Amino acid sequence: LGRMKPVIVVHGGAGRIFKEREEGCCAGVVRAALRGYSVLKQGGSAVDAVEEAVRSMEDDPHFNAGCGSVLNEKGEVEMDAIIMDGKNLDSGAVSAVKCIANPIKLARLVMEKTKHMLLTDHGAHLFAQAMGIPEVPGEKLITERSRERWKKNLEPDSNPEEFQKDLGTVGAVAIDSEGNVACATSTGGLSNKLIGRVGDTACIGSGGYADNHSGATSTTGHGESIMKVVLARLILYHMEQGMSPEVAADTALDYMKTRVGGLGGVIVVNKAGEWAARFSTKQMSWATVKDDNLHYGIYAGEKHTKSVDEALASEREGF
């Protein structure tokens, strides 16, 4: 069996990334990609790699996932996450979970320890307790930035839609040396959303999809629009019709824009290990590692390249 060269691609959310946060978002996706890649290099599975990459971004307050999640109308954090294994189409997801640091870990446990695919709210909380997942006080996940934004959006003349553009769902896709693919996506959702709102992230085929027969994808952007076109599955469908990851991604994003007026971004890897990071928003932070080379960017057409060794060295010096 020809060994595949492992590949990981991550995104830190599509939208508008404010100038003062660009560096932090960039460093965050690079760190996540390097962590996921080191899992793959040590012979870890694609599922292990995407979980590790997403966990790294959940722990980073620059992103709208885990610590740093946006607040719902009541000022609380409610998070969604999904993980999927392309080998057998197993998937696990959680929605509207509170008071845990890493929803992606819980999603993985749903996939591996239950016969179900999606647990929500109170049930997910009970399952987390049963699995011994430590509870963190809700305030621990709330950053000053999220609280400020929540307050601003409560003002009578505010337009939360304006702020939605700065989204920041996080995700990862990978192919391992065995040729198995996987995806993982995690988010705090929309700022000032209704209590109990679940977006695309927890929904298989919308927030992510992975199938060894075609590839894997993770999405970000306006959740309701993504759900309307089942964006992740649509991209894989286009690849099954023979499109490259880049063309499949652009075609699906274009359809979402013309059909329902929705903007977003996607990362894709196909079964041959070809990858793409594409978006219809102004920006999306992304990073990928393939052949021991790291590529990353935030703006359309932007692509920086470093060797992994060089990147790991500057990582140790604090980027």
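Further up the page is the structure itself.
Bear in mind that the values here come from a model prediction, so they are computed numbers and not experimental data.

Caption draft 1: Highlighting the environment of Val268. As for its position among the elements, Val268 is in strand S9 (residues 264-270). Val268 gets classed as buried once you look at its relative accessible area, which sits at 0%. Spatially, the C-alpha atom of Val268 lies 8.6 Å from that of Ala174, the residues being 94 residues apart in sequence. Ignoring anything within four residues of it in the chain, the contact list for Val268 reads Val9, Val173, Ala216, Thr217, Ile235, Met239, Pro245, Ala249, Glu274, Trp275 and Ala276.

Caption draft 2: Representation of unusual backbone geometry in the model. Of note in the backbone geometry, Leu89 takes a positive phi value of approximately 65° without being a glycine. Within the element layout of this structure, Leu89 appears in the loop between strand S2 (79-85) and strand S3 (90-97). By relative accessible area, Leu89 is classed as partly exposed at 36%. Even without glycine at this site, Ala96 takes up a positive phi of about 55°. Ala96 gets classed as buried once you look at its relative accessible area, which sits at 4%.

Caption draft 3: A look at helix H3 (residues 103-113). Counting buried positions along H3 gives eight out of 11 residues, so the element sits mostly inside the fold. Of the positions making up H3, those classed as buried are Pro103, Ile104, Leu106, Ala107, Arg108, Leu109, Val110 and Met111. On the buried face of H3, the contacting elements are helix H2 (46-58), S2, S3, strand S4 (118-120), helix H4 (121-130) and strand S6 (181-187).

Caption draft 4: Spotlight on the pairing of strand S10 (residues 275-279). Taken together, the five bridges between S9 and S10 define a ladder with antiparallel strand orientation. Pairing of Val269 across the sheet is with Trp275, part of S10. The antiparallel hairpin formed by S9 and S10 contains four residues in its connecting segment, where Gly273 sits at a positive phi of about 85°.

Caption draft 5: How the structure looks around the environment of Phe127. Inspection of the secondary structure puts Phe127 in helix H4. Classification of Phe127 as buried rests on a relative accessible area of 11%. For the pair Phe127 and Ser45, spaced 82 residues apart in sequence, the C-alpha to C-alpha distance is 25 Å.

Caption draft 6: View of the pattern of salt bridges. This model, assessed by the stated rule, comprises 18 salt bridges. Put simply, Asp60 and Arg31 hold a salt bridge, and the shortest N to O gap is 3.5 Å. One end of the pair, Asp60, is in the loop between H2 and S2; the other, Arg31, is in helix H1 (residues 19-41), with 29 residues separating them in the sequence. In this structure Asp60 comes out as buried when scored by relative accessible area, which is 7%. Of the residues examined, Arg31 reaches a relative accessible area of 26% and is grouped as partly exposed. One salt bridge connects Asp59 with Arg55, and the closest N-O pair in it is separated by 3.4 Å. Residue classification places Asp59 among the partly exposed residues on the basis of a relative accessible area of 39%.

Analysis parameters
Residues numbered from 1 in each chain as written. Predicted model: local features only at pLDDT ≥ 70, side-chain atom pairs only at ≥ 80, totals over all residues. Heavy atoms only, no water. Helix = DSSP H or I, 4+ residues; strand = E, 2+ residues; numbered from the N terminus. Buried < 20%, exposed > 50% of the residue type's maximum accessible area, 1.4 Å probe, protein only. Contact = heavy atoms within 4.5 Å. Pairing = 2+ DSSP bridges. Salt bridge = Lys/Arg side-chain N within 4 Å of Asp/Glu carboxyl O.

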